[in-house]
Amino acid sequence: MSSTLFTTTATSLHTGAARPVAAGGSAVEQTTIAFLHRGHDWIRGSEQCLLDLMARVDRSRFRPLLVCEQPTLARAAATIGADVVQLDPAVSDWTVLRSREARPALRKQLRDVFLERRVRIVHSNVSAILPIVIPVARSARLPVVCHLHLPVTDERNRRHELVHQADVTVGVAEHVVRPLRADGVAPERLRVIYNAVDTDRLGRGDARGLREALGIPDEALAVAWIGSLIYRKGPDVMLRAVAAARARGKDVRLLICGDGDEAEAQEYRALATALGLDASAHFLGYRTDVGAVMRDACDIFVSTAREEMLPLNVLEAQYVGIPVIASDIPAHYEATIPGTSAVLVRGEDPDALARAIVELADAPERRAAMRIAGPRVVAERFSMDRYVGAFEALYAELLARPRGDFGWVRGVYWPTLYTTWVRRNVRRRLGFGVARGGTANAALTT
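Predicted model only: the values in this text are computed from it and were never measured.

**Some words on unusual backbone geometry**
Here comes step 1: Non-glycine residue Leu162 carries a positive phi angle of around 60 degrees.
Here comes step 2: Turning to its location among the elements, Leu162 is positioned in the loop between helix 5 (155–160) and strand 7 (168–171).
Here comes step 3: A relative accessible area of 24% means that Leu162 is categorised as partly exposed.
Here comes step 4: Even without glycine at this site, Glu348 takes up a positive phi of about 60 degrees.
Here comes step 5: Inspection of the secondary structure assignment puts Glu348 in the loop between strand 14 (342–345) and helix 14 (350–361).

**Observations regarding the pairing of strand 3 (residues 62–68)**
Along a regular strand, successive side chains alternate from one face of the sheet to the other.
Here comes step 1: With seven of seven residues buried, strand 3 lies mostly within the body of the structure.
Here comes step 2: Neither face of strand 3 is exposed, since Phe62, Pro64, Leu66 and Cys68 on one face and Arg63, Leu65 and Val67 on the opposite face are all buried.
Here comes step 3: Sheet topology places strand 2 (residues 31–36) next to strand 3; six bridges connect them, and they run parallel. The partner of Thr32 across the bridge, within strand 3, is Arg63.
Here comes step 4: Crossover handedness for the path strand 2 to helix 1 (residues 45–56) to strand 3: right-handed.
Here comes step 5: As paired elements, strand 3 and strand 4 (residues 83–87) share four bridges and run parallel to each other. Opposite Leu66, over in strand 4, you have Val84 as the bridge partner.

**Quick notes on the pattern of salt bridges**
Here comes step 1: Applying the stated rule across the entire model yields 31 salt bridges.
Here comes step 2: One salt bridge connects Glu29 with Arg118, and the closest N-O pair in it is separated by 3.7 Å. Of the two residues, Glu29 is situated in the loop between strand 1 (6–9) and strand 2 and Arg118 in the loop between helix 3 (103–116) and strand 5 (119–124); the sequence distance between them amounts to 89 residues.
Here comes step 3: Taking relative accessible area as the criterion, Glu29 reaches 41% and is therefore assigned partly exposed.
Here comes step 4: One salt bridge connects Arg401 with Asp405, and the closest N-O pair in it is separated by 3.3 Å.
Here comes step 5: Given a relative accessible area of 30%, Arg401 falls into the partly exposed group.
Here comes step 6: Taken together, the shared-partner salt bridges in this structure form one network comprising Asp52, Arg56, Asp198, Arg201 and Glu316.

**Let's talk about the sheet that holds strand 12 (residues 300–303)**
Here comes step 1: Taken together, six strands build an open sheet; the order of strands is 11-10-9-12-13-14 and the sheet is parallel. The sheet is open, and its two borders are formed by strand 11 (281–285) and strand 14, each paired with just one other strand. Pairwise comparison of adjacent strand axes, ignoring direction, gives a mean angle of 25 degrees for this sheet.
Here comes step 2: Of the strand pairs in this sheet, strand 9 (residues 221–226) and strand 10 (residues 252–257) are connected by six bridges, and their pairing is parallel. Paired with Leu221 across the two strands is Val252, which belongs to strand 10.

**Side note on the confidence of the model for the protein**
Here comes step 1: Across the protein, pLDDT averages 89, with 88% of residues at or above 70.
Here comes step 2: Here residues 1–19 is modelled with pLDDT under 50, and outside its nearest four sequence neighbours on either side it reaches 45 contacts, counting other chains as well.
Here comes step 3: Per-residue pLDDT stays below 50 along residues 434–446; that stretch engages in 11 contacts with residues further than four places along the chain or on separate chains.

**Notes on the packing of helix 9 (residues 235–247) against helix 10 (residues 262–274)**
Here comes step 1: Look at helix 9 against helix 10: their axes get within 10 Å of each other, and the N-to-C directions meet at 15 degrees. One way to sum up the angle between helix 9 and helix 10 is to call them roughly parallel. Seen along the crossing, helix 9 lies across helix 10 with a hand that is right-handed. Contacts from Pro235, Asp236, Leu239 and Arg240 in helix 9 reach Tyr268, Leu271 and Ala272 in helix 10.
Here comes step 2: Partitioning the contact of helix 9 with helix 10 into residue classes produces five nonpolar, no polar and two charged.

About the criteria used
Residues numbered from 1 in each chain as written. Predicted model: local features only at pLDDT ≥ 70, side-chain atom pairs only at ≥ 80, totals over all residues. Heavy atoms only, no water. Helix = DSSP H or I, 4+ residues; strand = E, 2+ residues; numbered from the N terminus. Buried < 20%, exposed > 50% of the residue type's maximum accessible area, 1.4 Å probe, protein only. Pairing = 2+ DSSP bridges. Right-handed = clockwise from strand over helix to strand, strands pointing away. Salt bridge = Lys/Arg side-chain N within 4 Å of Asp/Glu carboxyl O. Axes fitted to C-alpha atoms, helices over the stretch in contact; angles between N-to-C directions. pLDDT = per-residue confidence, 0-100. Contact = heavy atoms within 4.5 Å. Parallel < 35°, antiparallel > 145°, perpendicular 65-115°, else oblique. Left-handed = near helix turned anticlockwise from the far one by under 90°. Nonpolar A, V, L, I, M, F, W, Y, C, P; charged D, E, K, R; others polar.

Right, here's the structure in full:
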């Protein structure tokens, strides 16, 4: 294989390693699972969920292989003992996936990797790369799992990204797979596996001196906000709500853990200044000890996300026993028990959020009850054992099926959406449904 196609990181960790030995002395064959990812060169929600899964999957049965371009993710995966193939960006530019010229070289890369590493299952951590992955997997008769961390809400994108052709699509929440259910995808091809809380990671760190270091008095109300400084996360709503709560006489201090594009982040710092929050809003940057920050330094956690899938920050806040206030989006309804472990308020409404913060600050008994309810919610619905076990069961289910199920003959899937789409296009071509003043001939020439 040409060394120009890809570079390999930490190949000594697993490649060529001895097979695990069973109690009777016979070797146990490990199944290699290729985990594919593309995205920013950072570790945030979807990247962390992927690392959690690769770190904890039963290594006596499964061998995790990460295929990606991102150096940060590649290093993290090698640290947890995964085999890593870091694709050469000069050949495998994931960012030009819609370019037909780029696809053959990228497919050849994946074919070579899958063949050399004896891959048996492909787990795609994003849907956008499926047009590259699906043809390679079908030719090799490999099952494909598509792990959706974002809902593909646009019908055209679902078709063009070949989401329906994944053998099983796993959504991190019910609302993520709902569009595919509406497309007529069979129930057995859809799963919901909730994200999980890494309790070990949350237990690390000590932030007991953070309040004093930031000059936050003991009697002040410290609010945690954790996330990337991007519009989708709603940091502008959070800042305006803190300003409104302070205008009501409540000494609210905001601890913002997160970063993002520097230009966009600077806009939010400027907004804080314009709102008079220079001494009250603390931009702490990206933190690896968010569990300690919430547990040791904060009184309430707030999420103002405009859109989420299944937010780790909300799950983590519940686990550490900090009361949660969040926007009333579908993901927050699934991630909490509204009224018990969290208070949900109308999104895009800083005044409503400010009222909720003040009311919860003045209700110590309610906060105490939420501190008890939150960890129970996480233990029952979002444990790491449940998360990893569900994926292991799915992998075993796919391995038990004949490989012919995943080839070109039996592997191509036709949901009812395709029939609807074909009929719609035929009618358009024949001139049916043409707007008043149009003609059938006009429709036939478009």
